[in-house]
Amino acid sequence: MFRNLRRRCTVEKIRHDLRLSETITPFGVGAIVDVRGESLIAPDTSWWDKKYAPEISCERLLARIGAGVLRQPPTHAGHGGKNMAALLYWRFPSWRFCERCSKLSKLTGKKKGKWSNTCECGGFLVPMRYIAICEQGSHAQDVPWFMWVHRGREASQDDSVRFCRAYKELRFERLSGRGEGLVSLQVKCYGCGHARSLAELVTKGALHRDGIHCVGRQPWEPEGSVKRPCNHHLVATQRGATGNYIAERISALDIPEERPRSAEIADKIRGHVFFEKLVADNGGPQAEVIAGWIATEFGVAPETVLEVAAGDEPEADDVLLDLKDGEWAAFLKKLEGGRDSTGGDFVVDGWSLDTTSGPESLVSRIAGVGQVRRVREVRALCGFRRHSVEADLITADLGPDRRRFPTYPAIEMFGEGIFLRFDEDELARWEAHPDVQARAGILMKRCADAQWANRLDVPEPRYIALHTLSHLLIRRLAFSSGYASASLQERIYANSDRKDKTAGILIYTAAGDAQGTLGGLVRLGQPEKIIPLLVSALDDADVCSNDPVCIESDRQGSSQLNLSACHGCSLVSETSCETGNRLLDRQLVLGGGNVLGFLDTVLAEVRRVTVTERSG
């Protein structure tokens, strides 16, 4: 047992064979998890016993998130963890019915000093299927079944129902004569005889009409924690629905972060002997001439010099983009270094494709390949939302230190991967085509119309194309690397609005063991192996089992944020994708209709060479 003096209540320590990675997602803080027939919810990190939650170091991630500390959740696994610390769980929903006598109650008894999940009659208690979720505030609570069953249009006409106090006479029943579905399930009070079907529970605005309001807190929070009432409506959902828990997590690669090239150039410009004259002229007639001299010396555009002189700094972007800038600069340095013998937790062998054989239309578009032999990734849970992605964010720490020094659940993973850098000039030429811009503009407009979509990457042409190519490669690597596609992760570096434009893909796998993974993925990063894999990935996606519907479509997937992409050709496990299988389009990779694909000539070149070899 664990007694939390601040809340003056007692919580059961329930041991469960939960993998460490599952404590971030999908069973992190605020998530509902089934454990041996019981439905439980994990409270926020202020409930943790910190001495059993070791601190995880990742300065890059903390610098972006803000003040706080990263801690590994106190969990255990199997027989080897009997004496180890375990996560705390709160029973939710607290209303349960007996599978033998159908009695419905929220009472919890004890047997021989331990919590009991059995009824007085000896039957096993089963948690109720439905809970109440706040539409906007991301709150969750039990459906007050006693109140609910004594409400409704029929109940308002009978005083014996409205004033019933038979709290121990509720039953959850299944009626055999009403067929299947919610109509056949009802809650009945045997004190007054009133009953309601669950079909009345799930209609729009049902709980609001019955006068049931949001309590404005999470199930594990005490009543006194509510500072102001929540005026949003409740909706009844099944406790296992995916929308009940939408994790907001962020990950960072623990790398020796390099300064972006634009920052280094800016320092050189400021140190130039003519820079003071340029600033003193303040946009006068000599400014352009002096800027041209400095630009010629450093090999940059005069506009770049003038921006530095004007003191224009890049606008602050979101946390993930900021993290990616440092990672991109670190990968570029590794690619330039060739064979990596530094050791540590970030080891990348860089390869150029100058002597690599393969389709010229593919090889010419790849500027470098990196074999990521070892990388450390830190994943942190910032908070969660309920009901929809537009709902309020609930932070992972709801305790008294949540503003001053919050605790974020985090895990560290070690793994391997493949990094691909694409040629910036080739990519810029391709995305300048009007038909390419128009195709990507469809997704840009939809993201602009959806308020929550600003948390996604900007769907410019390069991002959509490289993101789709990443999915195609993940599907192909699942056949060759020895890892299932769900074990592979992606990280897309594709942004043309940054000071240092990015155009690359990282596909990696990671495990919680400090020794990392087995090397089946990194060996495929050799140029002579990755080029054939890319060709095979393009060939797999050339024809989809849902064509011509898929290739001609411009509204597929979640919130219609995919164009020509479906489960038959491009989608992977949602846990592998940065954006939850959104912002994908085969046409921007392979071409189609009037759209020029970034790699649309690769398959034609391969097939032409094959025919020539056969005829020869």
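Conventions used here
Residues numbered from 1 in each chain as written. Predicted model: local features only at pLDDT ≥ 70, side-chain atom pairs only at ≥ 80, totals over all residues. Heavy atoms only, no water. Helix = DSSP H or I, 4+ residues; strand = E, 2+ residues; numbered from the N terminus. Expected span 1.5 Å × (residues − 1). Buried < 20%, exposed > 50% of the residue type's maximum accessible area, 1.4 Å probe, protein only. Lys, Arg positive; Asp, Glu negative; His and termini not counted. Salt bridge = Lys/Arg side-chain N within 4 Å of Asp/Glu carboxyl O. Polar contact = N/O pair within 3.5 Å; in protein donor to acceptor, adjacent residues only side chain to side chain. Contact = heavy atoms within 4.5 Å. Pairing = 2+ DSSP bridges.

J.: Account for helix α13 (residues 461–480), naming residues and giving values.
T.: For α13, which comprises 20 residues, the first-to-last C-alpha distance of 29 Å matches the rise-based estimate of 28 Å (1.5 Å per residue) to within 8%. Among the 20 residues of α13, 16 are classified as buried, and the element is accordingly described as predominantly covered. Just downstream of α13 lies Gly482, where phi reads positive at about 90 degrees.

J.: Any details on the side chain of Arg96? Residues and values, ideally.
T.: Note that Arg96 resides in strand β7 (residues 96–98). It turns out Arg96 is buried and unbridged, and the closest side chain with the opposite charge, Glu38, is 5.1 Å from it. Of note is the side chain of Arg96, whose polar atom sits 2.3 Å from the side chain of Asn117. Apart from the residues within four sequence positions on either side, Arg96 is in contact with Arg91, Lys103, Leu104, Ser105, Leu107, Thr108, Ser116, Asn117, Leu125, Val126, Pro127 and Met128.

J.: Describe the sheet that holds strand β3 (residues 32–35), naming the residues involved and giving the relevant values.
T.: The strands making up a sheet associate through backbone hydrogen bonding, with each pair oriented either parallel or antiparallel. Strand order across the open sheet formed by three strands is β3-β4-β6, with antiparallel pairing between neighbours. Two strands lie at the open edges of the sheet, namely β3 and β6 (90–91), each paired on one side alone. Where β3 meets strand β4 (residues 38–41), four bridges bridge the pair, whose relative direction is antiparallel. Note that in β4 the partner of Val33 across the bridge is Leu40.

J.: How would you explain the environment of Ile366 if you had to name every residue and give the values?
T.: Assignment of secondary structure puts Ile366 in strand β20 (residues 366–385). The class for Ile366 is buried, based on a relative accessible area of 5%. Excluding its chain neighbours within four sequence positions, the residues that come into contact with Ile366 are Leu353, Arg421, Phe422, Asp423, Ile531 and Leu534.

J.: Just give me the short version of the environment of Arg439, but keep the residues and values in it.
T.: By secondary structure assignment, the location of Arg439 is in helix α12 (residues 434–449). Between the C-alpha atoms of Arg439 and Pro461, which are 22 residues apart in sequence, the distance is 8.0 Å. Dropping the residues within four chain positions of it, Arg439 is found in contact with Ser553, Asp554, Leu563, Ser564, Asp585, Gln587, Leu588 and Val595.

J.: An account of the side chain of His194 is needed here, citing residue identities and associated values.
T.: Examined against the element boundaries, His194 turns out to sit in the loop between β15 (185–189) and β16 (195–197). Here Val149 takes part through its backbone oxygen, which lies 2.6 Å from a polar atom of the side chain of His194.

J.: Describe in detail the pairing of strand β24 (residues 502–511), supporting the description with residues and values.
T.: With respect to burial, β24 is a largely interior element, nine of its 10 residues being buried. Bridging between strand β22 (residues 407–422) and β24 involves eight bridges; their strand directions are antiparallel. Bridging across to β24, Phe414 finds its partner in Ala511. Connecting strand β23 (residues 489–495) to the next strand, β24, in antiparallel fashion are six residues.

J.: Please give an account of the pattern of salt bridges that cites residues and values.
T.: A side chain of one charge can pair with a side chain of the opposite charge when the charged atoms of the two come close. Summed over all chains, the structure comprises 28 salt bridges. Across the salt bridge formed by Lys324 and Asp457, the nearest N and O atoms sit 3.8 Å from each other. Highlighted residues: Lys324 in helix α9 (residues 319–337) and Asp457 in the loop between α12 and α13, separated in sequence by 133 residues. Across the pair, Asp457 and Lys324 agree in class, each one buried. Asp340 is the partner of Lys334 in a salt bridge, and the nearest nitrogen-oxygen pair spans 2.8 Å. Each member of the pair, Lys334 as well as Asp340, is classed as buried. One network of salt bridges, in which partners are shared, links Arg60, Glu327 and Arg491.

J.: So what about unusual backbone geometry? Which residues, and what values?
T.: A negative phi angle is the norm for most residues apart from glycine, just as the trans form is the norm for most peptide bonds. In this structure, Pro26 follows Thr25 across a cis peptide bond, with omega equal to 10 degrees. Of note, Pro26 is situated in the loop between β2 (9–11) and β3. For the bond from Phe92 to Pro93, the omega torsion is 0 degrees, close enough to zero to count as cis. Inspection of the secondary structure puts Pro93 in the loop between β6 and β7. One non-glycine residue, Gln560, adopts positive backbone phi at about 60 degrees. Note on Gln560: relative accessible area 35%, which makes it partly exposed. Within the chain, Leu583 stands out as a residue other than glycine whose phi angle is a positive 65 degrees. Along the chain, Leu583 falls in the loop between α14 (527–542) and α15 (587–590).

Shape descriptors only; they carry no functional weight alone.
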